[in-house]
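A structural walkthrough
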Amino acid sequence: MDSIRIRGGRPLNGVIPISGAKNAALPLMAASLLTAETLTLENLPHLVDITTMANLLTAHGVSLHMNGAGRRCGGRSLAMTTPAITSTTAHYDLVRKMRASILVLGPLLAREGRARVSLPGGCAIGARPVDLHLKALAQMGAAISIDGGYVDARVDGRLKGAHLVFPQVTVTGTENLLMAAALADGETIIDNAAREPEVTDLAQCLIAMGAEIEGLGTQRLVVRGRESLHGATHAVLPDRIEAGSYAVAAAITRGEVLLQYADAAQMASLLKVLSAAGAAVSVEEGGVRVSAADAPLKGVDVMTEPHPGFPTDMQAQVMALFATAEGAAMVTETIFENRFMHVPELKRMGADINIHNGSAIVRGVRRLSGAPVMATDLRASMSLVLAGLAAEGETMVNRVYHLDRGYERLEQKLAACGADIERVRG
Ligand code: EPZ
């Protein structure tokens, strides 16, 4: 298993190109199952999860043609065509590698009338149930059963439009039901829909494919189902979590970075926190500039919430920042039940953090000290990289396969801005 070695204490200065969003690309790829024509995605990031989704779709009958650097920052262009669904089963050995595999459930059911998808199981940050996906699909007429760790879903004919109300905001739940409703018979209303930009990006792609969807970006999506969808070409939106992670890298190293292609509007809640902490944030033609070159940074209280609130996927990263800022910050995690796995590792680097139920009190220290640390999940791993960039001495982040799932060319992008960082093949 590879590790990443970082020698900290060097301010970052330069430009970081932001790649296409992992959490948009995954549902967009699943949408290719909805049509027999070709769906072409541009600006696709080079990530392990994208490869996993490509392998899964191939097993269902999707033929994929990937070609090189797309029009922006090396993003790839991927053409997917599914003349016919050759298998409606998503096997455990693939699904266990990536929970987002559940995103094939809605499209398979809508296109083929049946799907057998392994239950994703939990992960480091929580139990991650999919009960809300299943209840909503059942409300649209699907017969759902669970056996042998698989979800078995069937519907005679087409799914039926329904008025769905999610009791809790679910991002992939909203995405699964959007795709299912696009081919359903009649109108579907999705209330308490997730408003994440990645959900809107999927809806825009589905509209380009001929779907009729209203209410984009709001808590109420209205879908009028069509008999079929046609092909389209769609560019994956920039990754606001990757951009946010590098915004914190600029702040924690007291440097200045231009996040090329980043969309400030999609990062508003994070940028507000960074400004309140004392960083200088400015929107430019080419992206978002973050600088903390001459600012004493201070801790800011944050609470994670569904978009447009503060994103849970940025919680671990800002905690690393507050560990090095003046004063104290309360960081409250409301989305997942176990998303503080980075705390014990940050404490090994000298951070002063105390957890009380769903909140962590972070008191800034003068300097963190480099240490060997263990990555546990994608965003916790990034938190440790960020702490290593600021720490005195050498940090070795182990089990970096977590990082490879969500950060494209991480060492190259940071080294280009002056970081002393290298991958150690394990
Ligand atoms: C998506 O996960 C993202 N993944 C996650 O990003 C992100 O952290 C999460 O949304 C929240 O923003 C992708 O988009 C591929 P949820 P998802 O359904 O859809 C509970 C990353 O780091 N829930 O919005 O799985 C659930 O347990 C990843 O890139 C149910 O109880 O999250 C959680 O507490 C990590 N039943 C809450 O809702 C359900 O049926 C929100 O989960 C579904 C969800």
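In this text, all values refer to a predicted model and were calculated from it rather than measured experimentally. (Residues numbered from 1 in each chain as written. Predicted model: local features only at pLDDT ≥ 70, side-chain atom pairs only at ≥ 80, totals over all residues. Heavy atoms only, no water.)

Let us now look at the pairing of strand β15 (residues 256-260). Bridging between strand β2 (residues 13-17) and β15 involves five bridges; their strand directions are parallel. Paired with Asn13 across the bridge in β15 is Glu256. Pairing of β15 with strand β17 (residues 287-291) involves five bridges; the strand directions are antiparallel. Across the sheet, the residue bridging to Leu258 is Arg289, located in β17. (Pairing = 2+ DSSP bridges. Helix = DSSP H or I, 4+ residues; strand = E, 2+ residues; numbered from the N terminus.)

This part is about the environment of Ala415. Residue placement: Ala415 occurs in helix α14 (residues 410-415). Overall, the relative accessible area of 37% leaves Ala415 in the partly exposed class. (Buried < 20%, exposed > 50% of the residue type's maximum accessible area, 1.4 Å probe, protein only.)

So, on to the side chain of Asp239. With respect to the helices and strands, Asp239 occurs in the loop between β14 (232-235) and α8 (240-252). Of the side chains with opposite charge, Arg379 comes closest to the buried, unpaired Asp239, at an N-O distance of 5.2 Å. Not counting residues up to four positions away in its chain, the partners in contact with Asp239 are Ile18, Ser19, Gly20, Ala21 and Lys22. (Lys, Arg positive; Asp, Glu negative; His and termini not counted. Salt bridge = Lys/Arg side-chain N within 4 Å of Asp/Glu carboxyl O. Contact = heavy atoms within 4.5 Å.)

Along its 13 residues, helix α2 (residues 48-60) runs 19 Å from first to last C-alpha, staying within 8% of the 18 Å computed at 1.5 Å per residue. Within the span of α2, buried status applies to Asp49, Ile50, Thr52, Met53, Ala54, Leu56, Leu57 and His60. Just past α2, the residue Gly61 takes up positive phi, approximately 110°. (Expected span 1.5 Å × (residues − 1).)

Here we take up the pattern of salt bridges. The tally for this structure, following the rule as stated, stands at 28 salt bridges. Residues Lys413 and Glu242 are paired through a salt bridge, measuring 2.6 Å at the closest nitrogen-oxygen approach. Separated by 171 residues along the polypeptide, Lys413 in helix α14 and Glu242 in helix α8 bring together distant segments of the chain. For the pair Lys413 and Glu242, one class covers both residues: buried. The network of salt bridges with common partners includes Asp2, Asp404, Glu411, Arg423 and Arg425.

What follows is about helix α9 (residues 268-277). Here α9 has its buried residues at Ser269, Leu270, Leu271, Val273, Leu274 and Ala277. Here the buried face of α9 lies against α8, β16 (280-284), β17, β18 (302-303) and α10 (315-322). Immediately beyond the C-terminal end of α9, within one or two residues, lies Gly278, with a positive phi of roughly 115°.

Attention shifts here to the sheet that holds strand β12 (residues 212-214). Spatially, four strands are ordered β10-β11-β13-β12 in an open sheet, and the strand pairing comes out mixed. The two strands at the open ends of the sheet, each matched to only one other strand, are β10 (163-165) and β12. Pairs of neighbouring strands in the sheet enclose a mean axial angle of 15°, with direction left out of account. Judged from the three bridges that link them, β10 and strand β11 (residues 187-191) form a sheet pairing that is parallel. Its bridge partner being in β11, Leu164 is matched across the sheet by Ile190. Its contacts with the sheet put helix α6 (residues 171-182) on β10, β11, β12 and β13 (220-224), and the angle it makes with β13 is roughly 25°. (Axes fitted to C-alpha atoms, helices over the stretch in contact; angles between N-to-C directions.)

What follows concerns unusual backbone geometry. Going from His307 to Pro308, the amide bond is cis rather than trans, its omega being 10°. Along the polypeptide, Pro308 turns up in the loop between β18 and α10. The backbone phi angle of Arg128 is positive, close to 55°, even though this residue is not glycine. With respect to the helices, strands and loops of the structure, Arg128 is situated in the loop between β7 (114-118) and α5 (131-139). For Arg128, a relative accessible area of 23% translates into the label partly exposed.

All right, on to the site of the ligand then. Contacts to the ligand come from 21 residues, most closely from Leu132, Thr170, Thr172, Asp313 and Ile335. Interatomic distance of 3.0 Å between a side-chain N/O atom of Lys22 and an oxygen atom of the ligand. At 3.4 Å, a backbone N or O of Pro129 approaches an oxygen atom of the ligand. Protein burial of the ligand: of its 830 Å² of free accessible surface, 89% is covered by the chains. Residue assignment for the shell around the ligand shows that the elements contributing at least two residues are α1 (22-30), α5, α6 and α12 (378-390). Broken down by element, the residue count for the shell around the ligand peaks at three residues, all from α5. Its residues placed into classes, the shell around the ligand shows nine nonpolar, six polar and six charged. (Near = heavy atom within 4 Å. Polar contact = N/O pair within 3.5 Å; in protein donor to acceptor, adjacent residues only side chain to side chain. Areas by Shrake-Rupley, 256 points an atom, 1.4 Å probe, with all protein chains shown as cover. Nonpolar A, V, L, I, M, F, W, Y, C, P; charged D, E, K, R; others polar.)

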